[in-house]
Structures are given as structure tokens and as C-alpha cells.
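So you can see what is in the structure, the chains are spelled out below.
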Amino acid sequence: MKIGTWEPKGFCALAPMAGAADRAFRELCVSYGASFCVSEMVSAKGIVMGDRKSDSLMEIGEDERPCAVQLFGSEPAAMAQAAVTALRHKPDFIDINMGCPAPKVTKTGAGSALLKDPVLAAKIVRAVKDAVPLPVTVKMRVGWDASPFDPAGFAQAMEAAGADMITVHGRTRLQMYAPPVDRSAIAAVKRAVRLPVIGNGDIDSPEAARLMLEETGCDFLMIGRGALGRPWLFRAVNAYLGEGIMLPEPDGEEKMRVLMRHAELICRYRGERIGITELRKHALWYTKGMRGGARLRSRFSTMKSLSELRELAEEIAAGC
Ligand SMILES: Cc1cc2nc3c(=O)[nH]c(=O)nc-3n(C[C@H](O)[C@H](O)[C@H](O)COP(=O)(O)O)c2cc1C
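Rules of the game
- Residues numbered from 1 in each chain as written.
- Predicted model: local features only at pLDDT ≥ 70, side-chain atom pairs only at ≥ 80, totals over all residues.
- Helix = DSSP H or I, 4+ residues; strand = E, 2+ residues; numbered from the N terminus.
- Rg over C-alpha atoms; globule rule 2.2 N^0.38 Å.
- Buried ≥ 20, exposed ≤ 12 C-beta atoms within 10 Å, placed from the backbone.
- Contact = placed C-beta atoms within 7 Å.
- Domains from an automatic or database assignment.
- Nonpolar A, V, L, I, M, F, W, Y, C, P; charged D, E, K, R; others polar.
- Arc of directions from axis to C-beta.
- Pairing = 2+ DSSP bridges.
- Right-handed = clockwise from strand over helix to strand, strands pointing away.
- Axes fitted to C-alpha atoms, helices over the stretch in contact; angles between N-to-C directions.
- Parallel < 35°, antiparallel > 145°, perpendicular 65-115°, else oblique.
- Left-handed = near helix turned anticlockwise from the far one by under 90°.
- Near = placed C-beta within 6 Å.

A. Here's a closer look at the overall build of the chain. Helix and strand counts for the chain come out as 14 helices and nine strands. Taken against the 2.2 N^0.38 rule, which gives 20 Å for 320 residues, the C-alpha radius of gyration of the chain at 19 Å falls within 12% of a compact globule. With respect to the principal axes defined by its C-alpha atoms, the chain has extents near 55 × 45 × 35 Å. Every one of the 320 residues in the chain was classed for burial, and the buried ones make up 50%. Put simply, of all contacts in the chain between residues at least 6 apart along the chain, 69% involve residues at least 24 apart.

Here's what the structure looks like:
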């Protein structure tokens with residue numbers, strides 16, 4: 001599979017996740033074999049207005065490449081201008097969000113609301129494509145609500161507008177993140193376009209990755225929540241699909257070592273005070289289901305420093 005001129009290695013990419021897949025987490029996932037990453041979604045309007053937070057969301061480190069900047073918005077001209085501004089962070093491609101279900105996004109006509117207006121969605125793809133010398137990709141859902149929707153026809157319109165790849169999250173906007181994932185809709189998109197198609201939704205194990213590939217015929221995979229607190233999932237999926245090897249889940253000690261590595265990265269990029277606060281939710285994901293972890297987990301909510309976290313991680317590892 002090629003995205004523009006480059007060819008991703010392995011089988012699966014890390015999904016964009018606002019508030020979770022930041023630079024630190026993306027770098028960690030790439031170190032475990034994620035083939036590429038996508039930034040948290042960034043508002044085109046925010047970028048155009050020079051908002052500093054929007055700009056910082058577009059920062060890409062050398063250790064997380066290839067990485068896209070993902071834009072959301074509903075105005076073709078603003079999306080094109082934002083894509084040009086994004087170039088200063090040297091993204092490897094630009095991804096356009098057509099899947100976000102959050103009302104604050106959809107009420108402006110952006111995110112998954114674009115599924116209801118394929119003509120506008122195509123204008124956005126064309127405008128961004130004309131504005132930047134990079135591959136332009138689309139991330140969509142398979143419908144707005146339960147009413148009939150033709151995801152394959154929508155994807156064909158994006159292809160005709162110049163999209164270089166399409167990621168399909170096999171759920172409607174109404175479903176949010178609830179099961180089931182409609183793999184037959186992803187398969188229909190794959191059959192309808194010549195572009196590379198990435199299957200996304202509920203891939204949380206090597207077997208689930210194989211199921212997505214087999215049932216949809218998609219070219220590549222994208223993993224979101226399955227990797228939270230489990231960045232090693234990319235290594236496991238690559239080993240299983242590439243060599244037929246099922247790697248064991250890391251033991252508690254190794255999990256705590258990865259948590260500390262994550263903590264160091266997040267503190268490097270965000271500073272210790274903000275970094276530790278942001279790490280709290282990740283710490284809960286890392287210790288989910290771990291024996292002996294429950295008693296200590298409430299302490300994550302009050303920890304304030306890397307040294308406090310190190311002590312706690314050592315205690316948890318020793319109790320495993
Ligand atoms: C916390 C969170 C934040 C997300 N943020 C984004 C985002 O910024 N852009 C986007 O296209 N999708 C976003 N998504 C959707 C994911 O990229 C992915 O499509 C979805 O979670 C389904 O994949 P999964 O079942 O592997 O998690 C987000 C999902 C979660 C759980």
C-alpha cells in the first residue's frame with residue numbers, strides 16, 4: 001500500500017485520539033511498531049486565527065514519523081489555509097476529519113456532519129489537495145445515524161475529489177463508540193475505490209486485527225482505544241500477522257517500565273506538572289485488570305511528580 005509516494009511498514013497505524021494520542025504516546029506507539037500516526041484533530045479555524053494551542057497540537061517529533069496533521073472544519077478555504085499553515089510542522093500528509101461525533105464539532109458542519117454533505121466534503125478535499133504538495137487522506141464513519149447511507153458512494157466522491165487514502169471507522173455517528181463495528185460497510189468501501197482503505201474499529205488483539213483484514217479486504221489497519229495503556233499491541237499485531245507468532249502480554253513489571261517510559265516522554269514534552277496530570281488517565285489504562293493494582297490506583301489521581309509515580313509503579317510491579 002502506498003500513501004502518495006511512501007509505503008508504510010507493518011500492518012497497523014495509531015488512530016488519532018484527541019486528549020490521548022499526543023506526541024508522547026504517538027512516539028511510544030511508533031517505537032512498538034505503529035506504522036504511522038495522525039495528530040489529535042486540530043481546528044482549521046483555530047489555526048487560521050493563530051491560536052497557539054492549535055499550533056502546538058500540530059507539533060511532530062522526528063521519532064514519530066510518518067505522521068499526519070488532522071484538520072477539522074467545514075469551510076474549504078479555511079481548511080486549505082490551515083493545511084498550508086500546518087506545513088511549517090512538516091507533516092507527512094494531511095488527514096481530514098469526517099468522523100468526529102462531538103456536537104460542538106458537528107453543529108458547525110464539520111467532523112461526521114460532512115457525511116451528510118458529500119458535495120461540501122469533496123470541495124474540502126479538493127481545496128486542501130490543491131493547496132499543499134502532500135498526500136491528503138480522509139477519515140470517515142459509515143453513516144450519520146441509522147438512516148440509509150452509502151459509505152461506498154461517499155468514499156468514491158472523496159476519491160474523485162483527490163483523496164489519497166481513506167480510513168473507515170465502521171460505526172455511525174449515532175453509535176459513537178458502541179458496538180457493533182460494521183465490517184461489511186468497510187468491505188463495501190474497499191470494493192468501491194482504487195485507493196488504499198484502512199479498516200478501523202474495535203481492533204484490540206492480534207486476532208481482531210486478522211478478522212478486520214479478512215472480513216473487509218482492507219489494505220491496512222488502524223488501532224485506537226486498544227492501544228491505550230497497551231502500546232505493545234502494535235508489536236503483537238505485527239508479529240502475528242507477519243510471522244504467525246502470538247506474543248505473550250507483557251508482565252506487570254514490564255508494563256510498569258513502559259508506563260515510566262511514557263511518563264518520561266510526556267514530562268519531556270509537557271513539563272512535569274502538566275505531564276503528570278495528563279499521565280493520570282494513561283496510568284489507569286496501564287494498570288487496568290492488573291492484580292494488586294486496584295488498591296493503588298486511586299493514588300494516581302493525587303500524584304504530582306515523576307518520583308512519586310516511580311515509587312507507585314515500583315510498588316505495583318512488586319505486587320504483581
Ligand atoms: C478519546 C478519543 C479521542 C478521539 N479523537 C479523534 C480525533 O481527534 N480524530 C479522529 O478522527 N478520531 C478520533 N477518535 C476516533 C478514533 O480515531 C477511532 O476512529 C475510534 O476510536 C475507533 O477505533 P478503536 O475502536 O480502535 O478505538 C477518538 C477516539 C477516542 C476514544
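Don't stop here, the text continues.
B. Representation of the domain arrangement of the chain in the model. Domain parsing of the chain yields domain 1 (12–243) and domain 2 (252–319). Computed over C-alpha atoms only, the centres of domain 1 and domain 2 are separated by 29 Å. Counting from both sides, the interface comprises nine residues of domain 1 and, opposite them, 10 residues of domain 2. Here the residues of the side of domain 1 that touches domain 2 sort into six nonpolar, one polar and two charged.

C. Highlighting helix H7 (residues 151–161). Along H7, the positions that sit buried rather than exposed are Pro151, Phe154, Ala155, Met158, Glu159 and Ala161. All buried residues of H7 lie within an arc of 165° about the axis, which places them on one face of the element. More than 90 degrees from the buried face of H7, the exposed residues found are Gly153 and Ala160. Buried-residue contacts for H7 involve helix H6 (118–131), strand S6 (136–141), strand S7 (165–169) and helix H8 (183–192). Just downstream of H7 lies Gly162, where phi reads positive at about 115°.

D. Representation of the pairing of S7. Counting buried positions along S7 gives five out of five residues, so the element sits mostly inside the fold. Taking every second residue as pointing to the same face, both faces of S7 are buried, with Met165, Thr167 and His169 on one and Ile166 and Val168 on the other. Both S6 and S7 contribute to a ladder of five bridges, which runs parallel. Pairing of Thr137 across the sheet is with Met165, part of S7. Traced from S6 through H7 to S7, the parallel crossover comes out right-handed. The pairing of S7 with strand S8 (residues 197–200) spans four bridges and is classified as parallel. Counterpart to Val168 in the pairing with S8 is Gly199.

E. Quick peek at the packing of helix H1 (residues 23–31) against helix H11 (residues 252–270). It is at 8 Å that the axes of H1 and H11 come closest, and there the two elements cross at 140°. Taken together, H1 and H11 sit at an angle that is classed as oblique. Note that H1 runs across H11; the crossing there is right-handed. Where H1 abuts H11, its residues Arg23, Ala24, Phe25, Glu27 and Leu28 lie against Arg261, His262, Leu265, Ile266 and Tyr269. Split by residue class, the contact of H1 with H11 holds six nonpolar, one polar and three charged.

F. Representation of the site of the ligand. Looking at the ligand, there are 23 residues lining it, with Ala15, Met17, Met41, Gly224 and Arg225 nearest. In terms of residue class, the shell around the ligand is built from 10 nonpolar, nine polar and four charged.

G. Highlighting unusual backbone geometry. The linkage connecting Arg65 with the following residue, Pro66, adopts the cis geometry, with an omega of -5°. For Pro66, the location among the structural elements is in the loop between helix H3 (52–57) and strand S4 (67–72). Following Pro179, the chain continues to Pro180 via a peptide bond in cis, the omega torsion being 0°. The topology assignment puts Pro180 in the loop between S7 and H8. Although it is not a glycine, Lys90 adopts a positive phi angle of roughly 50°. In this structure, Met176 is a non-glycine residue whose phi angle is positive, near 55°. Here Met176 lies in the loop between S7 and H8.

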